[in-house]
Amino acid sequence: MYSEKVMDHFQNPRNVGELENASGMGTVGNAKCGDIMRMYLDIDENQVIRDVRFKTFGCGAAVATSSMATEMVKGKTVQEAMQITNQAVAEALDGLPPVKMHCSLLAEEAIHAALWDYATKNHITIEGLTKPRTDISEEEEEEEY
Ligand code: FES
């Protein structure tokens, strides 16, 4: 069902963890399954992504796509990182089963959320970037049991 690359990134995920003093941090949730992803970016004064880490409470496809996505954004400018779509990440992994494509959205959305956090903190605008759709903390505050 899964390609060798997916299995490799699932079993040996790259860039797992947290970054202290991250330039941007974003947390998103997958509306379909409730899984959660957090992404940390360290961005230098030239808007180059120096380092990246992620943590997830998600399925194997979410782990593999996030791992691959972190490898793809590292060393890129924030503008270049904006061009990396979940389809591009899935292709870099030699494909995902169609039923698992929604999982790859977590990585893309978490990167965008972290970039949004960075842009907001630094009062800059990143072309094509919009406010993250899912903000976990806001959602939690709104939910009442
Ligand atoms: Fe939730 Fe894959 S099933 S991210």
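Just above, that's the structure.
A few points on the structure. Being a predicted model, the structure only gives us computed values, none of them experimental.

**Considerations on the overall build of the protein**
Item 1. When helices and strands are counted, the protein shows six helices and three strands.
Item 2. Secondary structure elements of the protein, listed N to C terminal, follow the sequence α-β-β-β-α-α-α-α-α.
Item 3. Seen through its C-alpha atoms, the protein measures out along the principal axes to roughly 45 × 45 × 25 Å.
Item 4. Residue burial in the protein is summarised as follows: out of 145 residues, 47% are buried.
Item 5. Taking all contacts inside the protein whose residues are at least 6 apart in sequence as the whole, residues at least 24 apart take part in 61%.
Item 6. A total accessible area of about 8000 Å² is found for the protein, and carbon and sulfur atoms account for 49% of it.
Item 7. The protein carries 13 positive and 25 negative side-chain charges, and their two centres are separated by 4 Å.

**Some remarks on the pattern of salt bridges**
Item 1. Within the structure shown, the criterion is met by seven salt bridges.
Item 2. With a shortest N-O distance of 3.7 Å, Asp 51 and Lys 74 are connected by a salt bridge. Taken together, the residues span a long stretch of sequence, with Asp 51 in strand S3 (residues 49-57) and Lys 74 in the loop between helix H2 (60-73) and helix H3 (78-82) at a distance of 23 residues.
Item 3. For Asp 51, a relative accessible area of 19% translates into the label buried.
Item 4. Using a relative accessible area of 36% as the deciding quantity, one classes Lys 74 as partly exposed.
Item 5. The shortest N-O distance in the salt bridge between Lys 121 and Asp 117 comes to 3.2 Å. Taken together, the positions of Lys 121 and Asp 117, both in helix H5 (residues 101-122) and four residues apart, correspond to about one turn of that helix.
Item 6. Classification of Lys 121 by relative accessible area gives partly exposed; the value is 48%.
Item 7. Salt bridges linked by common partners bring Asp 51, Arg 53 and Lys 74 together as one network.

**Looking at the pairing of strand S1 (residues 24-29)**
Item 1. With five of six residues buried, S1 is to be regarded as a mostly interior element.
Item 2. Where S1 lies against strand S2 (residues 36-43), six bridges are found, and the strand directions are antiparallel. Paired with Val 28 across the two strands is Met 37, which belongs to S2.
Item 3. Connecting S1 to the next strand, S2, in antiparallel fashion are six residues, including Gly 34 with a positive phi near 85 degrees.

Cut-offs and rules
- Residues numbered from 1 in each chain as written.
- Predicted model: local features only at pLDDT ≥ 70, side-chain atom pairs only at ≥ 80, totals over all residues.
- Heavy atoms only, no water.
- Helix = DSSP H or I, 4+ residues; strand = E, 2+ residues; numbered from the N terminus.
- Buried < 20%, exposed > 50% of the residue type's maximum accessible area, 1.4 Å probe, protein only.
- Contact = heavy atoms within 4.5 Å.
- Areas by Shrake-Rupley, 256 points an atom, 1.4 Å probe, with all protein chains shown as cover.
- Lys, Arg positive; Asp, Glu negative; His and termini not counted.
- Charge placed at Lys NZ, Arg CZ, Asp CG, Glu CD.
- Salt bridge = Lys/Arg side-chain N within 4 Å of Asp/Glu carboxyl O.
- Pairing = 2+ DSSP bridges.

Interpretation in functional terms is not warranted from these geometric data alone.
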